[in-house]
Amino acid sequence: MSKIRLEITRCKGCGYCVEECPRGALRFSGHISDKGYDTVMVDESLCVACGSCYRVCPDRVFEILE
Ligand code: SF4
Ligand code: SF4
């Protein structure tokens, strides 16, 4: 069961979410988007659905599912 959903096409690689995640569940994927940004990925086994990434992301990438 997924805890969060990422609309990764919106990610601009700013890294705010990576800095804010209290569980270290987010990191850069190394996958460069069509817009030329290194995008983030989530390790769902570490995520506790705290919502910090949702709150800090300026580009509305995250949706919290629980
Ligand atoms: S919801 Fe919280 S724990 Fe999960 S990825 Fe976002 S900041 Fe990290
Ligand atoms: S805060 Fe949003 S735009 Fe910035 S790296 Fe994270 S997901 Fe991408």
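(A) A look at the overall build of the chain. Regarding its fold elements, the chain presents 2 helices and 4 strands. Listing every helix and strand of the chain by position from the N terminus yields β-α-β-β-α-β. In terms of C-alpha radius of gyration, the chain reaches 11 Å, essentially the compact-globule figure of 11 Å for 66 residues. If you line up the chain on its principal axes, its C-alpha atoms span 30 × 20 × 20 Å. A total of 66 residues make up the chain; the buried ones form 20% of that total. A separation threshold of at least 6 residues defines the contact pool for the chain, and within that pool the share at least 24 residues apart is 62%.

(B) Structural detail: the site of ligand 2. Looking at ligand 2, the residues that line it are Cys11, Lys12, Gly13, Cys14, Gly15, Tyr16, Cys17, Val40, Val56, Cys57, Asp59 and Val61. A class-by-class count of the residues in the shell around ligand 2 yields 8 nonpolar, 2 polar and 2 charged.

(C) Broad picture of the environment of Asp38. By the element assignment, Asp38 lies in strand β3 (residues 38-42). Residues Asp38 and Gly13, 25 residues apart in the sequence, show an inter-C-alpha distance of 5.3 Å. In this structure, Asp38 is in contact with Gly13, Phe28, Gly30 and Ile32, ignoring residues within four places of it in sequence.

(D) Representation of the nonpolar core within the structure. With 12 residues, the main nonpolar core is built from Ile4, Cys11, Cys17, Cys21, Ala25, Leu26, Val40, Val42, Cys53, Cys57, Val61 and Phe62. The residues contacting Cys53, other than those within four sequence positions of it, are Cys17, Glu20, Cys21, Leu26 and Phe62.

(E) The arrangement of the site of ligand 1 in detail. Close to ligand 1 lie 14 residues, the nearest being Cys21, Cys47, Cys50, Ser52 and Cys53. Across the shell around ligand 1, the residue classes break down as 10 nonpolar, 2 polar and 2 charged.

(F) How the structure looks around the pairing of β3. Sheet analysis places strand β2 (residues 26-32) next to β3, joined by 4 bridges and oriented antiparallel. Bridged to Ile32 within β3 is Asp38. The turn joining β2 and β3, which pair antiparallel and follow one another in sequence, is formed by 5 residues; a positive phi near 95° is taken by Gly36.

(G) Representation of unusual backbone geometry. Phi is positive for Ala49, close to 55°, though the residue is something other than glycine. Tracing the chain through its elements places Ala49 in the loop between β3 and α2 (52-56). Of note, the phi angle at Arg60 is positive, near 55°, even though the residue is not glycine. The residue Arg60 is located in the loop between α2 and β4 (62-64) in this model.

Conventions we followed
Residues numbered from 1 in each chain as written. Chains lettered and ligands numbered in written order. Predicted model: local features only at pLDDT ≥ 70, side-chain atom pairs only at ≥ 80, totals over all residues. Helix = DSSP H or I, 4+ residues; strand = E, 2+ residues; numbered from the N terminus. Rg over C-alpha atoms; globule rule 2.2 N^0.38 Å. Buried ≥ 20, exposed ≤ 12 C-beta atoms within 10 Å, placed from the backbone. Contact = placed C-beta atoms within 7 Å. Near = placed C-beta within 6 Å. Nonpolar A, V, L, I, M, F, W, Y, C, P; charged D, E, K, R; others polar. Core = buried A, V, L, I, M, F, W, Y, C linked by C-beta atoms within 7 Å. Pairing = 2+ DSSP bridges.

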